Structures are given as C-alpha cells and as structure tokens.
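Residue-level structure breakdown
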Amino acid sequence: MNRADAERLDAADPLAWLRDRFVIDEAGPIYLDGNSLGRPPRAALSAVDRTLREEWATGLVRSWQGWMEEAERVGASLGEVVLGAAPGQVVVGDSTTVNLYKLASAALDARPGRRVIVSSTDNFPTDRYVLEGLAAARGLELRLLEPAGVDGIGLAGVRAALGPDVALVSLSHASYLSAALEDVPAITAAAHEVGALTLWDLCHSAGAVPVELDAWGVDLAVGCTYKYVSAGPGAPAFLYVRRDLQERLRQPIWGWFGQREQFRMGPAYDPAPGVGRFLVGTPPMLSLVPIGAGVEVLAEAGLPALRRRSSALTELLVERWEAWLGPLGLALASPRDPAGRGGHVSLAHDDAYRLSQALLAAGVVPDFRPPNLVRLCPAPAYTRFVEVWDALERLRDLVRAGDHLALDARPGRVT
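Residues numbered from 1 in each chain as written. Predicted model: local features only at pLDDT ≥ 70, side-chain atom pairs only at ≥ 80, totals over all residues. Heavy atoms only, no water.

Orientation of helix α12 (residues 352-361) relative to helix α13 (residues 385-401), taken along the N-to-C sense of each, is 120°, at an axis distance of 10 Å. Classified by the angle between their axes, α12 and α13 sit oblique to one another. You can see that α12 and α13 cross each other, and the crossing is right-handed. Residues Leu355, Ala358 and Leu359 of α12 form the contact with α13, whose participating residues are Ala391, Arg394, Leu395, Leu398 and Val399. A per-class count over the contact of α12 with α13 returns 7 nonpolar, no polar and 1 charged. (Axes fitted to C-alpha atoms, helices over the stretch in contact; angles between N-to-C directions. Helix = DSSP H or I, 4+ residues; strand = E, 2+ residues; numbered from the N terminus. Parallel < 35°, antiparallel > 145°, perpendicular 65-115°, else oblique. Left-handed = near helix turned anticlockwise from the far one by under 90°. Contact = heavy atoms within 4.5 Å. Nonpolar A, V, L, I, M, F, W, Y, C, P; charged D, E, K, R; others polar.)

Structural data, given as structure tokens:
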C-alpha cells in the first residue's frame, strides 16, 4: 500500500461529505485525539449563537418555557441515535463522575446485604475512585479484575468474580487504554444470573461503536458527550436507567429538578416519575445545546456507517504500525481484531511521553496515557485516510531519526 491508495480510499469514501459538517482548519495539525475532545460541528456553533442571541438576549427568563424539558429532550435524541434506547430512559446533565455516583449508589441501595462491587483495574480512574469511595463509606469490597492483556476482561473473567454476594458490576464498554470492547450483553446476562445489577461506562464507545442498551438488557449506563458526540469541552454527560427500574431506584442527590411538580416548592422531596427523577439541578443550557447538534450530525451518517469507517481507519493505522513501527520497537497495545476494538489504537513504548511530544511538534495531535501509551484516534466523523497515513509516516520518521530523544522526559519521571 502507498499514499495514493489512502487518497483513493478518501475519494471513494461514502462518508467524505461528513467532514464538511465540522469546523476544521485545513492548515492545522492532523488531529488524532477525537476520543478526548471532538471537533466542533458547524451546527453546534450556530445553535449556541441562536441560544445566546435569540433565546437568552431576547427572551430572557421567558425562554425557560422552552428550556425546562431540554435535558430530557436531548436525552431522548441521544438515546435514539447513539444508545439504542427508547424515549424516557436517558437524560443529560451533570458530569460522568456525578452520574456514575448517582447510579452506583442507587444500585447498591437496591441490593441490600450484598457486599461486593465488581470492576476492573483498567476502568477509567474516575469510575474506580467513585466505586472505591462508595465501598469505603459502606464497608463493601471493591473487587478489581485484571484485563486479559489488551483484549479486556472478557466474559470468563467476569464470571469468575460473580456470586450471590455481588451487588453491582461496573465496567467500561471500551477500555480507555486499549480500546478493547467488552461483551456487554453477555456480561450483563451473567450478572443478572446471580442477581447483580450492571452499570456500563460508554464514554469511549458512544458515537463510535453502535450501542443497543435496550436490546442488550442493560440496567444502567453513563457516558460523556464531548468525545465522539462532539458537544464541546466539559459538555454534560448522560445517564440511562432501564424503564422498569426507574420507580424502584432512588438516587442519592435530591435536587429540585428531580422533584415532582418542582414549582410547587414543596416542603419534602418527592421524586418525579420516570427518568427525570435522576436529574438534580438547573440544566446548563449553553452546554446542552451543542449535544443536540452533535447528535444530529451523527444521525445524518448513522452509527453503522460510522462504525464501518472507524474500523477501516483503525485498520489502516494498525497496518501502518505493522509495516513501519513494529520493527522500530513500538508494540500494538490494542486488540488486533477490529471487531474487538473501539475507535482508537494504542501503541506502547518506554518513551511514549517523549514520542507524543515529538509527534505534536511534527504537526500531529496524539494523546499520551501513562505509563507508556501513545493513543491515536481517527474519529470517524471527520478524519481522512490520508491523515492516518501521514501521521504514521511522521511518527516513523521521527522514531528513526531519534527526534524524541532531544526532548525532556515527563517531569518527575526517571529517565
């Protein structure tokens, strides 16, 4: 394969038009960090401007008549397009961390007498910290599973940790480190066999990998919107509560937006019916609006088509790693099979931090994850095949030349 082949892939790409939906400086660097922060959709800028100028500046407080249900409206759209969830099960608000705390706490309350939470050592740090805090406060055991190499925990690994003492299984669909995809329906079913609830983190899959929460029988899920949904830095997260669980779970943060008939200003908390009871405070409208715009862009393409494109982009990345970078000492730290891999690819090297900095200086934006990973994410909505080719070629050239060796190691790290 050569660069002309990558150009031909772009020319024949049925989703090439989607790139024009985003604000992109074509003279800027190659962006391979869409799993940290997505590029802004043009529609998001227009939507925020409209909210500022027409709704806030003109409507002032009167605009709340249209804003009050926005968290549930956006949640329903996100559920339909990205999460495979029927209306009335997804709301948007708060951060992933706060939503994880709310749902994990509610799940533990719903399984009194059970003493174990199951998670994994490669779960995202905020997930582990929240679960660790809940376990410490309640005198529970947090059972952390070790992934089976780069391919994740797997059904067998989870089954070995299950028993009648397990209250909650909380894992990530796609590993933030390796991008390994867990078998959500199979693991969920295994947890249900012993009476445990499941809570899935979808931060690194929502918008890049098709998700079918209803069909998979998932109990609870959380995720962010600023990665593949491209809703902007710090955009509110979402949470999913399966419909039949909503009236049985009571979240721990009793805020006025989760209150029944909130404007009666009643003296005691009475949770609202449905998934709205998992809201807390006033929705952040200027951050909510871009989510809807990002979902609309994804809906134009459809998640199956985006997944096919994502797999093709990461396959090109892996193919170039095998041809160029493996012989130079970089190891593949993601599943080789694209069916078991999410939207990014991780490469391992002892000098990963300096390689990331050298790559940035070479006009490519990667991501470093300690201790030794360079993460590369060709986001399927806007990354071109030729960009993947050029980025891997630049990485090859700088490794060959030893350009990274002239850079300072990460502060505090022993060289």
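Additional details are given in the paragraphs that follow.
In this model, helix α6 (residues 125-138) (14 residues) spans 20 Å end to end at C-alpha, consistent with the 20 Å of a helix rising 1.5 Å per residue. Phi turns positive one or two residues past the end of α6, at Gly139, with a value near 70°. (Expected span 1.5 Å × (residues − 1).)

On the secondary structure map, Asp151 appears in the loop between β4 (141-145) and α7 (154-159). When the C-alpha positions of Asp151 and Ser178 are compared, they lie 7.7 Å apart, and in sequence the two are 27 residues distant. In this structure Asp151 touches Ala180 and Pro335, once residues within four positions along its chain are discounted.

Turning our eyes to something else, we now look at the packing of aromatic side chains. According to the stated counting rule, one finds 8 aromatic pairs in the structure shown. Three or more aromatic residues link up through ring pairs in this structure, and these residues are Trp256, Phe257 and Phe263. Between the NZ or CZ atom of Arg320 and the centre of the ring of Trp324, over which it lies, the distance is 4.5 Å. Positioned above the aromatic ring of Trp324 is the side chain of Arg396, whose terminal nitrogen or guanidinium carbon lies 4.5 Å from the ring centre. (Phe/Tyr/Trp six-rings, centres within 6.5 Å; stacked < 30°, edge-to-face > 60°. Lys NZ or Arg CZ within 6 Å of the ring centre and 35° of its normal.)

This part is about the environment of Leu373. Checked against the element boundaries, Leu373 lands in strand β13 (residues 373-376). Relative accessible area serves as the criterion here: at 9%, Leu373 is assigned to the buried category. Separated by 18 residues in sequence, Leu373 and Leu355 have C-alpha atoms that sit 9.6 Å apart. Excluding residues that lie within four positions of it along the chain, Leu373 makes contacts with Leu177, Ala333, Ser346, Leu347, Ala348, Ala352, Asp367 and Phe368. (Buried < 20%, exposed > 50% of the residue type's maximum accessible area, 1.4 Å probe, protein only.)

Another aspect to go through is the pairing of strand β7 (residues 220-223). Moving residue by residue along a regular strand, the side chains alternate between the two faces of the sheet. A two-sided burial pattern is seen for β7, the buried positions comprising Leu220 and Val222 on one face and Ala221 and Gly223 on the other. Examined bridge by bridge, strand β6 (residues 197-201) and β7 share 3 bridges and lie parallel to one another. Bridging across to β7, Leu199 finds its partner in Leu220. Summarising the sheet, β7 and strand β8 (residues 238-241) pair through 4 bridges and their orientation is antiparallel. The residue of β8 that forms the bridge with Val222 is Leu239. (Pairing = 2+ DSSP bridges.)

In total, this model carries 30 salt bridges according to the counting rule given. The closest approach of N and O atoms between Glu300 and Arg21, which form a salt bridge, is 2.9 Å. Taken together, the positions of Glu300 in helix α10 (residues 285-301) and Arg21 in the loop between α1 (3-11) and β1 (30-31) put the pair 279 residues apart, joining distant regions of the chain. Residue classification places Glu300 among the partly exposed residues on the basis of a relative accessible area of 40%. What makes Arg21 partly exposed here is its relative accessible area of 32%. A salt bridge links Arg138 to Asp109, with the shortest nitrogen-to-oxygen separation between them at 2.9 Å. Of this pair, Arg138 sits in helix α6 while Asp109 sits in helix α5 (residues 96-109), and the two are 29 residues apart along the sequence. Look at Asp109 and you get partly exposed, because its relative accessible area is 47%. One network of salt bridges, with partners in common, ties together Arg19, Glu26, Arg384 and Glu387. (Salt bridge = Lys/Arg side-chain N within 4 Å of Asp/Glu carboxyl O.)

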